[in-house]
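Coordinates in review
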Amino acid sequence: MEVNATRPKQAVPPVSVTLYYESLCPACRVFISQQLFPTWTMLQDIMTVTLVPYGNAKEVPSANSPFTCQHGEPECRGNLIEACIIHLTGHSALHIIYCMESAADVLKAAQPCLQLYAPSISWSSVDSCVKGDLGYRLMHNNAAMTRALNPAHTHVPWVTFNGEYTEENEDKAMSSLFHLVCQLYKGVKPPACTGAPGQTRQKLLLNTTKSTSDHNIHNVSNNNI
């Protein structure tokens, strides 16, 4: 599902970034916390983000456990929780997913992160999605989107730009997604793109957003103990 900020109509389309990932994949967690979220925070006017939690999971014909995951059952549950959160929270989803993926324990962070960034959405609604038919349908759709990739994904995180994957763009995204999005945007570059001196500005933002998120999730977690 696409995670967007509300933006005015633009003659030039934003850069479409789609991340295929797994909830407990270490490299995915690093990419979300150190590249995707900081970049989106600064460039959300010229980019859209679509999150597809599934990755190297497999869909199997079993009523008890219709999916198997690379990092076991906890990751399957994490994928399902994140798919439901993305569906239910809309524009707040990326904040919540970042909050979860940058926390020490992704699964335990889910409820306090939801409370912090989407207090109007009850945890019971997420839980109902996870345990019900809606959650299964969301995961099935994510599985279909992942299987439809061309070329087929060989690892995660797998990132496409405007629907296309290249190794060159992936390498650039892993080192500085911020600069790649600025480069790919065909319209007038926003001030963030033209005024950012190298990676220093991005690193400064990363340190700020991460320390803020860690502080907030620590406080929320303590309040729920």
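To keep things clear, this report deals only with the structure shown in the data block. Only a predicted model underlies this, so the values are computations on that prediction, with no experimental measurement involved.

Details of the overall build of the protein chain
Summing up its helical and strand segments, the protein chain has nine helices and six strands in all. For the protein chain, buried positions account for 48% of its 225 residues. If you sum the accessible surface of the protein chain, you get close to 10800 Å²; carbon and sulfur atoms cover 55% of it.

Notes on the nonpolar core
Of all hydrophobic cores here, the largest spans 60 residues; its most connected members are Leu36, Leu43, Leu51, Met100 and Phe161. Every residue in contact with Phe161, bar those within four places of it in the chain, is listed here: Val15, Ser16, Val17, Asn169, Ala173, Leu177, Leu180 and Leu184. Tyr20, Val52, Leu149 and Tyr165 belong to the second-largest nonpolar core, a separate cluster that totals five residues.

Observations concerning the packing of helix α2 (residues 73–89) against helix α4 (residues 106–117)
Direction vectors running N to C along α2 and α4 enclose 20°, while the axes themselves pass 10 Å from each other. When the axes of α2 and α4 are compared, the pair comes out roughly parallel. Of the two possible hands of crossing, α2 and α4 adopt the one that is left-handed. Contacts from Pro74, Arg77, Gly78, Ile81, Glu82 and Thr89 in α2 reach Val106, Leu107, Ala110 and Leu114 in α4. Residue classes in the contact of α2 with α4 are distributed as six nonpolar, two polar and two charged.

Structural notes on α4
With 12 residues, α4 should reach 16 Å at 1.5 Å per residue; the first-to-last C-alpha distance of 15 Å fits that figure. Every buried residue of α4 is accounted for by Val106, Ala109, Ala110, Pro112, Cys113 and Leu114. Two or three places before Leu107, at the opening of α4, Asp105 has a side-chain oxygen 3.1 Å from that residue's backbone nitrogen.

Comments concerning the state of the cysteines
Following the criterion strictly, the structure yields four disulfides and no others. Between the sulfur atoms of Cys182 and its disulfide mate Cys193 the distance is 2.0 Å. Its torsion about the S-S bond being -85°, the disulfide of Cys182 and Cys193 is classed as left-handed. Of this pair, Cys182 sits in helix α7 (residues 167–184) while Cys193 sits in helix α8 (residues 191–195), and the two are 11 residues apart along the sequence. Side by side, Cys182 and Cys193 carry an identical accessibility label, which is buried. If you count the bonded cysteines of the protein chain from the N-terminus, they pair up as 1-2, 3-6, 4-5, 7-8.

Quick look at the pattern of salt bridges
Under the counting rule described, the total for this entry stands at five salt bridges. Two residues, Glu168 and Lys172, come together in a salt bridge whose shortest N-O distance is 3.3 Å. One end of the pair is Glu168 and the other is Lys172, both in helix α7 and four residues apart, which spans about a single turn.

Details of the environment of Ser125
Considering the arrangement of structural elements, one finds Ser125 in helix α5 (residues 123–131). On the basis of relative accessibility, which here comes to 27%, the residue Ser125 falls in the partly exposed class.

What to know about the packing of helix α1 (residues 26–43) against helix α3 (residues 93–101)
Remark: α1 packs on α3, axes separated minimally by 9 Å, with the N-to-C direction vectors making an angle of 145°. Seen from above, α1 lies across α3 with left-handed handedness. Taking contact as the criterion, the partners of Arg29, Ile32, Ser33, Leu36, Phe37 and Trp40 in α1 are, on α3, Leu94, His95, Ile97, Tyr98, Met100 and Glu101. In terms of residue class, the contact of α1 with α3 is made up of eight nonpolar, two polar and two charged.

What about the pairing of strand β2 (residues 15–21)?
With six of its seven residues buried, β2 lies for the most part within the structure. Where β2 and strand β3 (residues 47–53) come together, seven bridges link them in parallel fashion. From the neighbouring strand, Ser16 faces β3, where its bridge partner is Thr48. Remark: the β2/α1/β3 crossover connection has right-handed handedness. Where β2 lies against strand β6 (residues 158–161), four bridges are found, and the strand directions are antiparallel. Paired with Thr18 across the bridge in β6 is Thr160.

Reading guide: rules and limits
- Residues numbered from 1 in each chain as written.
- Predicted model: local features only at pLDDT ≥ 70, side-chain atom pairs only at ≥ 80, totals over all residues.
- Heavy atoms only, no water.
- Helix = DSSP H or I, 4+ residues; strand = E, 2+ residues; numbered from the N terminus.
- Buried < 20%, exposed > 50% of the residue type's maximum accessible area, 1.4 Å probe, protein only.
- Areas by Shrake-Rupley, 256 points an atom, 1.4 Å probe, with all protein chains shown as cover.
- Core = buried A, V, L, I, M, F, W, Y, C linked by side-chain atoms within 4.5 Å.
- Contact = heavy atoms within 4.5 Å.
- Axes fitted to C-alpha atoms, helices over the stretch in contact; angles between N-to-C directions.
- Parallel < 35°, antiparallel > 145°, perpendicular 65-115°, else oblique.
- Left-handed = near helix turned anticlockwise from the far one by under 90°.
- Nonpolar A, V, L, I, M, F, W, Y, C, P; charged D, E, K, R; others polar.
- Expected span 1.5 Å × (residues − 1).
- Polar contact = N/O pair within 3.5 Å; in protein donor to acceptor, adjacent residues only side chain to side chain.
- Disulfide = S-S within 2.5 Å.
- Salt bridge = Lys/Arg side-chain N within 4 Å of Asp/Glu carboxyl O.
- Pairing = 2+ DSSP bridges.
- Right-handed = clockwise from strand over helix to strand, strands pointing away.

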